[in-house]
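Next come the chains, spelled out residue by residue.
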There are 4 protein chains.
Amino acid sequence: MDRLRVGVLGPTGMMGQRFVQMLCGHPWFDLTALYVSRSSIGKRYSEAVSWKLGPEVPEQASSIRIAEPEAKAMRKEKVDLVFSALPADSAATIEKPLSVAGIHVVTNSSYHRMDPDVPLMIPEVNGDHLRILQGRKRKGILVTNPNCSTTGLVMGLDPIRKVIGSEVFVSTYQALSGAGYPGVASLDIMGNVVPFIRDEEDKLIFEPAKIMGSLRSGKYVPANIRVAANCVRVPVRDGHTISVAFKVKKGTDPKGIISLLRAKKGLKGLPFSPAKPISVRDEEDRPRPDMDAFTGDPPGMVVTAGRIRVDDGIARMFFLVNNTIRGGAGNSILIAEQCLKEGYI
Amino acid sequence: MDRLRVGVLGPTGMMGQRFVQMLCGHPWFDLTALYVSRSSIGKRYSEAVSWKLGPEVPEQASSIRIAEPEAKAMRKEKVDLVFSALPADSAATIEKPLSVAGIHVVTNSSYHRMDPDVPLMIPEVNGDHLRILQGRKRKGILVTNPNCSTTGLVMGLDPIRKVIGSEVFVSTYQALSGAGYPGVASLDIMGNVVPFIRDEEDKLIFEPAKIMGSLRSGKYVPANIRVAANCVRVPVRDGHTISVAFKVKKGTDPKGIISLLRAKKGLKGLPFSPAKPISVRDEEDRPRPDMDAFTGDPPGMVVTAGRIRVDDGIARMFFLVNNTIRGGAGNSILIAEQCLKEGYI
Amino acid sequence: MDRLRVGVLGPTGMMGQRFVQMLCGHPWFDLTALYVSRSSIGKRYSEAVSWKLGPEVPEQASSIRIAEPEAKAMRKEKVDLVFSALPADSAATIEKPLSVAGIHVVTNSSYHRMDPDVPLMIPEVNGDHLRILQGRKRKGILVTNPNCSTTGLVMGLDPIRKVIGSEVFVSTYQALSGAGYPGVASLDIMGNVVPFIRDEEDKLIFEPAKIMGSLRSGKYVPANIRVAANCVRVPVRDGHTISVAFKVKKGTDPKGIISLLRAKKGLKGLPFSPAKPISVRDEEDRPRPDMDAFTGDPPGMVVTAGRIRVDDGIARMFFLVNNTIRGGAGNSILIAEQCLKEGYI
Amino acid sequence: MDRLRVGVLGPTGMMGQRFVQMLCGHPWFDLTALYVSRSSIGKRYSEAVSWKLGPEVPEQASSIRIAEPEAKAMRKEKVDLVFSALPADSAATIEKPLSVAGIHVVTNSSYHRMDPDVPLMIPEVNGDHLRILQGRKRKGILVTNPNCSTTGLVMGLDPIRKVIGSEVFVSTYQALSGAGYPGVASLDIMGNVVPFIRDEEDKLIFEPAKIMGSLRSGKYVPANIRVAANCVRVPVRDGHTISVAFKVKKGTDPKGIISLLRAKKGLKGLPFSPAKPISVRDEEDRPRPDMDAFTGDPPGMVVTAGRIRVDDGIARMFFLVNNTIRGGAGNSILIAEQCLKEGYI
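Residues numbered from 1 in each chain as written. Chains lettered and ligands numbered in written order. Predicted model: local features only at pLDDT ≥ 70, side-chain atom pairs only at ≥ 80, totals over all residues. Heavy atoms only, no water.

Colleague: Got a minute to help me understand the packing of helix H7 (residues 148–157) of chain A against helix H9 (residues 200–211) of chain A in this structure?
Modeller: Residues and elements named next belong to chain A. At their nearest, the axes of H7 and H9 sit 9 Å apart, and the two run at 45 degrees to each other. In terms of axis orientation, H7 runs oblique to H9. Our pair here, H7 against H9, has a crossing hand that is right-handed. Between H7 and H9, the residues in contact are Cys148, Ser149, Thr150, Leu153 and Val154 and Glu200, Lys203, Leu204, Glu207, Pro208 and Ile211, respectively. Across the contact of H7 with H9, the residue classes break down as six nonpolar, two polar and three charged. (Axes fitted to C-alpha atoms, helices over the stretch in contact; angles between N-to-C directions. Helix = DSSP H or I, 4+ residues; strand = E, 2+ residues; numbered from the N terminus. Parallel < 35°, antiparallel > 145°, perpendicular 65-115°, else oblique. Left-handed = near helix turned anticlockwise from the far one by under 90°. Contact = heavy atoms within 4.5 Å. Nonpolar A, V, L, I, M, F, W, Y, C, P; charged D, E, K, R; others polar.)

Colleague: Before we go on, may I ask you to explain the interface of chain B and chain D in this structure?
Modeller: On the chain D side, the residues contacting the 17 residues of chain B number 17 residues. Carbon and sulfur atoms supply 61% of the area that chain B and chain D bury against each other, a total of about 1500 Å² over both sides. Considering only the surface of chain B that becomes buried against chain D, Leu187(B), Met190(B) and Arg237(B) emerge as the three largest contributors, covering 47% of it. Across the pair Lys52(D) and Asp188(B) runs a salt bridge, and its minimum N-O distance is 2.5 Å. Per-element accounting of the side of chain B that touches chain D gives the leading share, four residues, to helix H8 (residues 186–189) of chain B. Each residue belonging to the side of chain B that touches chain D can be placed in one class, and the counts come to 11 nonpolar, three polar and three charged. (Buried area = accessible area lost by both parts, 1.4 Å probe. Salt bridge = Lys/Arg side-chain N within 4 Å of Asp/Glu carboxyl O.)

Colleague: Help me understand the relation of the copies chain B and chain A in this model?
Modeller: Each copy of the chain is related to the other by a rotation around an axis and a translation along that axis. Structural alignment of chain B on chain A gives an RMSD of 0.0 Å, achieved by rotating through 180 degrees and translating 0.0 Å along the axis. Each copy turns onto its partner about a two-fold axis. Looking at the interface residues of chain B, 100% of them are also at the interface in chain A, so both copies use one shared face. (Least-squares fit on C-alpha atoms with pLDDT ≥ 70 in both.)

Colleague: Explain the sheet that holds strand S13 (residues 303–311) of chain B here, please?
Modeller: In a beta sheet, neighbouring strands pair by backbone hydrogen bonds and run either parallel or antiparallel. All names here are of chain B. An order of S10-S7-S11-S14-S13-S12 is seen for the six strands of this open sheet, with the pairing classed as mixed. Whereas interior strands pair on both sides, the edge strands pair on one side only; in this sheet they are strand S10 (227–230) and strand S12 (278–280). Each strand axis lies, on average, 25 degrees off the axis of its neighbour in the sheet, ignoring direction. Here strand S11 (residues 240–248) runs beside strand S14 (residues 314–321); their pairing, made up of eight bridges, is antiparallel. When the bridges of S14 are listed, Phe246 appears paired with Ala315. Strands strand S7 (164–173), S10, S11, S12, S13 and S14 of the sheet are contacted by helix H7 (residues 148–157), whose axis makes an angle of about 45 degrees with S11. (Pairing = 2+ DSSP bridges.)

Colleague: Explain the pattern of salt bridges here, please?
Modeller: Any two side chains of opposite charge can pair, given that their charged atoms come close. Taken as a whole and judged by the stated rule, the model has 100 salt bridges over all chains. With a shortest N-O distance of 3.0 Å, Arg226(A) and Glu167(A) are connected by a salt bridge. Taken together, the residues Arg226(A) in the loop between strand S9 (219–221) and strand S10 (227–230) and Glu167(A) in the loop between H7 and strand S7 (168–173) connect sequence positions 59 residues apart. Relative accessible area serves as the criterion here: at 34%, Arg226(A) is assigned to the partly exposed category. Residue Glu284(D) is joined to Arg198(C) by a salt bridge in which the shortest nitrogen-to-oxygen separation is 2.6 Å. (Buried < 20%, exposed > 50% of the residue type's maximum accessible area, 1.4 Å probe, protein only.)

Colleague: How should the sheet that holds strand S3 (residues 66–67) of chain C be read in this particular structure?
Modeller: Residue and element names in this part refer to chain C. Across the sheet, which stays open at both edges, the six strands sit in the order S3-S2-S1-S4-S5-S6 with parallel pairing between neighbours. Looking at the sheet topology across the chains shown, the edges are occupied by S3 and strand S6 (142–144). Packing against the sheet, helix H5 (residues 88–100) makes contact with strand S1 (4–9), strand S4 (81–84), strand S5 (104–107) and S6, and its axis sits at approximately 145 degrees to S5.

What follows is the structure in structure tokens.
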């Protein structure tokens, strides 16, 4: 298979950096282009970015000059696929025009997630939703990645959906990297928790039903899953922890839930899909961000579950997702792998 | 009124220090004695304690010599009331014998909380439960303080109990001071959350029904309140934040909940009962530990509520309680004030 | 004595909030006016500020409407004295014109600190420097407060200056509140230290010599004190800790240093001057921000010293200063008290 | 070359875990044995350890059964070399007897560091000190690793020793992992700094002179280097930052210092010696623990220097060392590599 030349939109923010980091060395994709619409056009990436993911900007990306996100130039450079880490407002004006112009776009941005013709993907959960791309008019595909907390929640709920007997009550413990950079002021969060993240609770209400729903005659039929969420920022760098509780169907016990979660398999032949996308811990105090946020291969692609209990008909448990990897850049790249393998790219 | 001479059992731990701090300068109680059963017998308090609540051990307590907790000596010293910050295992052997011997004991310890003849008190919520002490055989009373998270939850739920239409789903964000000293290792909690606190979830299940229940013919009839809790330690020094969700009865809206909470009044004539025991915040990001943990007069005696929403029949909100003050020492002292005023002491 | 009507310039930032908080309830000063040059003109303070110092904006300040900083209007409102928490660039254009127009200005801003006709004051250290204001042409005085770290360092060094035999080597551990709000991004400082604070090291080099210097014939003669500083931000909310080392003159021992520090007295008759401006701790692990940052009366006006050792002719010790109180607003208010008492206002 | 079977003494603490982690997969050493003298004898490592360095105990070590540290059994198992992470008191009774009995011991423990016949090694700095082992009576070698802060300081000072013209003034910002587990209580260090680490400052005074000294006729001649240190614990997980200042010899400028540091080379043919053991950063705010603590190959073996300035004859700079890797287990393993290559093992 030929390697595909790819670019990143919005590569200087926290999520953009994660895209750059995960694409460097990717077995199928060659990161050759970086785009933003701002003041850093023309600069080398190493000059434009305040790199936060280690001592050095990855060598492969370091000298790429940041360019305007224009389809024409992309085609000229043979960049057929771009990953987007744009904020919602830029995404609104940039992503769809690019895909119309024939550039494939896989995006972490929230802007198009609920569009009726745009798949909202977690490959191991709803890979079949890519079918909605068949017979599309646009030459370039436009595919979205869910919200970071949604991804963690849905990956945990999907394998056990048949035991869920009520609304799902969710409280989150969300990491700072999810708020970008500079993001949360240290004076607000150090030694503190902040019980508010703008728009986050709504995403947890609307996105799961689309992802867990089904496609019938090319239209989305949302799943009958209802989430009530309280979202909270905590002083953790990476890894959203999610407290989950719901009434179970009769006869459900923890063992049953655990074996459903452990039975979940990855997608064969895709480099970023771990053999087991869910890790269930038996320890009494897991999952924890410091230990579980970088589980999997690549690190951070596995969701960790733990403290699975059922009492008086109510199941309680925790899920943990790496918010910028499985909950962002890593999942987007996995989506692109699936699209490529299945011929959508 | 004559001032009452009082002592503290277990004054060197985090909760014991809070008792000492709050009793120094109390208008009704004179802190004159400190007791433990360990190696520090005979030492001055300032030598025995690793004081964590400010630059200096309060002068009033500083030179009190730590003594054995013996009823005889207490009576000799005219210490008629002791507050207990003992760990559960010491409480098991020390508290009841003292009360049998005529010493009044108000305790933060969990050991006797569910005893059928021991009131579990939040004065503004179930002050009438003190009646169970009437006609008691023991000369000294034994009264308990609820678990810190329970106190925050119940103070918030009690005024709105008539709108609660289902189980109450709770996730906590609990402060480090609740784990005592040395308590949680910094390597475990710095930049992290730990989704496990031993025995905590059970306390949140059992204690609210007792406190919100009623006394009939001298026996407890538990309230019909059911809590499903996930308890989590977070890197916050003081103040437990509690995420709460439940189905509401028809017609309930946020305004109704807010006005019920704001209508709650304190107990007149008790120094530690704030005029309004619940503060409801309108800001979109409150309550927060850094701003709300020390609300009230005395600071930390008010529970703060915020983010009160009702959607599709489900109410979501947050409560915040200072875990060592209203959730511990402060509430115990308020209980003693009530007992004194009502003649139980 | 009549109470003086005072205002605050730049009251919404971290330092401005501290001014507001410390002026509410001040025995001599009535906070009646707040000024900025920005978008919040006309708003009530409670609407304009994101209050960070407790649950509520102080009632006294809450409904003051923010006005333009014009001398004419100030005189009309009988506001004769303003405290400034302006950033250096605004200070440059606002402070001197106000003082020329007859408004007294006491400022925390760095812009005029090294001006030859502007006193740089720590009242207990160089109160006599106010003499430079005598015979001034401006009707309003303009007096400055040193940098926060400088203040802590100089208050500690001044009483022991006669034993210092070399350069003073300083490394700082500086709190987040010193960087304003939003200030330091949580992703930069959580679980981290950052060995750089813009311009800070230079202030520690130049300011001490002026403060510890003398006035001769109306001109500053800098003290012969040389500081070499490395300044570091640490994840602490309040309180700069300062590591200090220098060669001592022959015969110096820790006891001598300690008794010089303990002998230092406050200024009588000034409400904000503690009886003992320096507290020396004997414990092996003090000073610490969590315990010592709010020492004194008012809290935070005392500098704490500790770990005073002399080995092989080198003294090592630590100082701790509350950076927004003694290192800022509190010291400015104390300066104003002194100016008022001595007739400069 | 045949692979060598090795063991770890004290493998369950923080430093012991780092040894285990770094030995798993080592190209020359096979980790086959784990020893302690405590209650976990006979248990599998995965049962005995509370693993803190990632989601899982490394598979290679997981099922090793913990044994008593007896030389006889070691020889039987052909374990000829053990790495020690023992606390000083256990080290005192275990390490020397093992080496006398013919087992090679390379230790991170402080107990024997200043012994006149025991080399205190940083291979890139004083590799020639191993000569003291020649003609030794003991069959097994006993070699020590310096204190973690010492290692960072000496690696930075050694290449520039010729420009140092005075005492070296040092203030440290030391990470929590250096205090072991449970180590520092979260209530002591969260949002705080603690200016005291037992015995640490003395180690920084005595160890550098030995390491930077020379061997003459089989005896140590200490270097003429004098350190005055203030040691402080900060809320950082990994990586000690060291603030350094000293008078320089005439004509010294930052460029000169930087080029000396950059010229320093690693040791060829040793897997754990990075090509460049010192990284000098040009950014204005480096080194920082979050970015630089895991620099090098293996990660954490490189010391990072930055903010190198010379003003008025005084040099100021920062060094950063990974305290459990280059400052501990990693350096010990590198020492063993050197001993093996040079025939001492």
